[in-house]
Amino acid sequence: MSQQRMEDSHRRFLQAMMTIGVIDRQGAKTLHRRCCEEHKTQHSPDRLDSFIDTINSKLQPLFMQIRKGMSEDDGNQYYVLVNTAETDVTRMSSDYADNELELFRKTMDLIISSENGKASSTDILNCTDTMTSKKLKKIETEQLLKRLVCDKWLSENQGEYTLSTRCIIEMEPYIRAMYQDQVKMCHICHNFAFQCQICDNPACGIKIHNPCVARYFKGRVEPRCPACDDFWPHEIPEFPQHQSSSKR
Amino acid sequence: MAQRKRLSGAQTSSQAKRPSGSQAAPEDEDDQTFTLPSSSQVLRGMESLAPGQLEQKTAEVVQYFLVKDQKKFAIRRADIVKHVLKEQRNIYPEVMRRAAATFQQVFGLKLVEIEQKNHLYILINSLEPSAAAPPSSSTNPKTGLLFVVLGLIFMKGGVARENVVWSTLKKLRIDPREKHEEFGDVRKLLTEEFVRQRYLEYIRIPHTDPVEFEFGWGQRAEYEVSKPRILSFMGELHQQDPQTWSQQYREAHSSSSSTPSPSPSQR
Ligand SMILES: [Zn+2]
Ligand SMILES: [Zn+2]
């Protein structure tokens, strides 16, 4: 496929990505259109991915990439600007102290080893006891968790923490290397499955993301596991098909 | 855990880990002791490089700048040598040349040396500001405040006394003595953060007792902020046709070609 030339519209898009870090597909489409309009370049709405490929071809030698992935929360596609040179949480070391990074690693351990991809704030507070670097106080831990949510490394819902979309996409190689034995893939989309439903059949036990469950079982009268054909006993969640496209 | 070689770009100077290897660069490096290598040293430096090293170091320098630029810090040459190039300081000129070209071609950013004495660099946006987007539409609310202050300084002919700035802000219901819900400590923002980012200058007025200070445009503002744009912003703020400020109007439109602002010729 012929590679587009890097133009000001690409550069503007990249500058925006450097500021926001993560954007959903709808937002990326809007940004794509705005960047093209602003620099009076031809805008082909269906060419977003090749537009991003052009940017990525220039970012690759710099160990950076705009990577695409799915959100476990809403099932939508997201784009994240990632650093491909850092393999682990050291990528965060310009914003976090060493003991804060240790706690973040421990939080990742908790989330990834859990059944449902969640860790409660109590569990996270408890694991400060086993820290090897300077132990964080309760109030410091709470503030750190707030910052991690604000910086989009974690998501929080009623005192329970999950890995954010940004975190899952950006840390993918690290999670793959570190948690090889623990992480399972979603049977439907073949991405990591943290927040998900699990087949009750102990001989099967496949995982499916909640949004993937919704999509897969939509309209089926008696849901059955796509792997072992056992009855799927969980409630089928509902997700809106697409995000509203009216957002500008 | 795999201890892969990390890009130094991810570390700020304050928490950069000390090199543990035996080939550790001198820690007390600073501008006084650093002199540019001679061309024969450069050549020797290039010859001793493994293939791909130049590209690797350029990528590291680019990342180092991008991390610092998130907070709009100026970057010292001594820090680039100390944290990125280390023992390969000989290739500094070539790496910087490549980094500058990368910023221009990939990111639409221009690498500018703002102080030759201390070898300080900043990144400025070299994409033409959109005519459609007023500066106040920026996502960062602090930018709006910055534009008000830059505008005020410009209207006052280039410098504005501190007390004038504070009283103007008070009229906009921003009291520097109180914590503002969007800007936080406004006094600190104007006299420290914007100064460190080189948007503003905050200078003591000589022979004043008690001591008085005045604000001016910082170098980043001179590069990044267009004066006609500031003037039309002030026009909107005061609901007045900018052309009625004839002196400022003339200055904004005559100096726009002579300011160091990057040229739009990009194609
Ligand atoms: Zn899935
Ligand atoms: Zn099953």
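A quick note: this is a predicted structure, and the numbers were derived from the prediction, not measured.

With that settled, the discussion passes to the domain arrangement of chain A. Reports of interface size often rely on the accessible area that becomes lost once the parts have come together. All names here are of chain A. Split into domains, chain A comes out as domain 1 (9–83), domain 2 (91–179) and domain 3 (183–235). One C-alpha centre belongs to domain 2, the other to domain 3, and the line joining them spans 26 Å. With twelve residues of domain 2 in contact, the opposing surface of domain 3 contributes eight residues. Contact between domain 2 and domain 3 buries roughly 830 Å² in total, counting both sides, with carbon and sulfur atoms accounting for 67%.

The next subject is the nonpolar core. Of all hydrophobic cores here, the largest spans 44 residues; its most connected members are Phe 13 of chain A together with Phe 65, Phe 103 and Phe 107 of chain B. Phe 107 of chain B has contacts with Arg 11, Leu 14, Gln 15, Met 18, Leu 59, Leu 62 and Met 64 of chain A together with Val 62, Leu 66 and Thr 102 of chain B, leaving out every residue within four places of it along the chain. Residues Trp 166, Leu 189, Val 225 and Leu 231 of chain B belong to the second largest nonpolar core, which totals 32 residues.

The next point concerns the coordination of the zinc ion (ligand 2). Residues and elements named next belong to chain A. Protein-derived ligands of the zinc ion (ligand 2) are Cys 199 (SG), Cys 204 (SG), Cys 225 (SG) and Cys 228 (SG), with the metal-ligand distances lying across 2.2 to 2.4 Å. Around the zinc ion (ligand 2) sit four donor atoms, and with donor-metal-donor angles ranging over 104 to 114° the site reads as tetrahedral. Here the donor residues for the zinc ion (ligand 2) map to a single chain with the spacing C-x4-C-x20-C-x2-C. Of this pair, Cys 204 sits in the loop between strand E9 (196–198) and strand E10 (207–209) while Cys 228 sits in the segment after helix H9 (210–217), and the two are 24 residues apart along the sequence.

What follows deals with the packing of helix H4 (residues 98–113) of chain A against helix H6 (residues 138–150) of chain A. Residues and elements named next belong to chain A. Contact pair H4 / H6: the axes reach a minimum separation of 11 Å and the direction vectors enclose 75°. Classified by the angle between their axes, H4 and H6 sit roughly perpendicular to one another. Contacts from Glu 100, Leu 103 and Phe 104 in H4 reach Thr 141, Leu 144, Arg 147 and Leu 148 in H6.

All right, on to the sheet that holds strand E2 (residues 64–70) of chain A then. Residues and elements named next belong to chain A. Taken in spatial order, the three strands of this open sheet run E1-E3-E2, and their pairing is antiparallel. Strands at the two margins of the open sheet, each flanked by one partner only, are strand E1 (22–24) and E2. Averaged over all pairs of adjacent strands, the angle between their axes in this sheet comes to 25°, without regard to strand direction. Taken together, the three bridges between E1 and strand E3 (residues 77–83) define a ladder with antiparallel strand orientation. Looking at the pairing, Asp 24 lines up with Tyr 78 of E3. Against the sheet, helix H2 (residues 25–38) makes contact with E1, E2 and E3, and its axis sits at roughly 95° relative to E1, the strand it touches most.

Thresholds, definitions, all that
Residues numbered from 1 in each chain as written. Chains lettered and ligands numbered in written order. Predicted model: local features only at pLDDT ≥ 70, side-chain atom pairs only at ≥ 80, totals over all residues. Heavy atoms only, no water. Domains from an automatic or database assignment. Contact = heavy atoms within 4.5 Å. Buried area = accessible area lost by both parts, 1.4 Å probe. Core = buried A, V, L, I, M, F, W, Y, C linked by side-chain atoms within 4.5 Å. Buried < 20%, exposed > 50% of the residue type's maximum accessible area, 1.4 Å probe, protein only. Donors = N, O, S within 2.8 Å, 3.2 Å for Na, K, Ca; no water. Tetrahedral: all angles 85-135°; square planar, octahedral: opposite > 155°, others 65-115°. Helix = DSSP H or I, 4+ residues; strand = E, 2+ residues; numbered from the N terminus. Axes fitted to C-alpha atoms, helices over the stretch in contact; angles between N-to-C directions. Parallel < 35°, antiparallel > 145°, perpendicular 65-115°, else oblique. Pairing = 2+ DSSP bridges.

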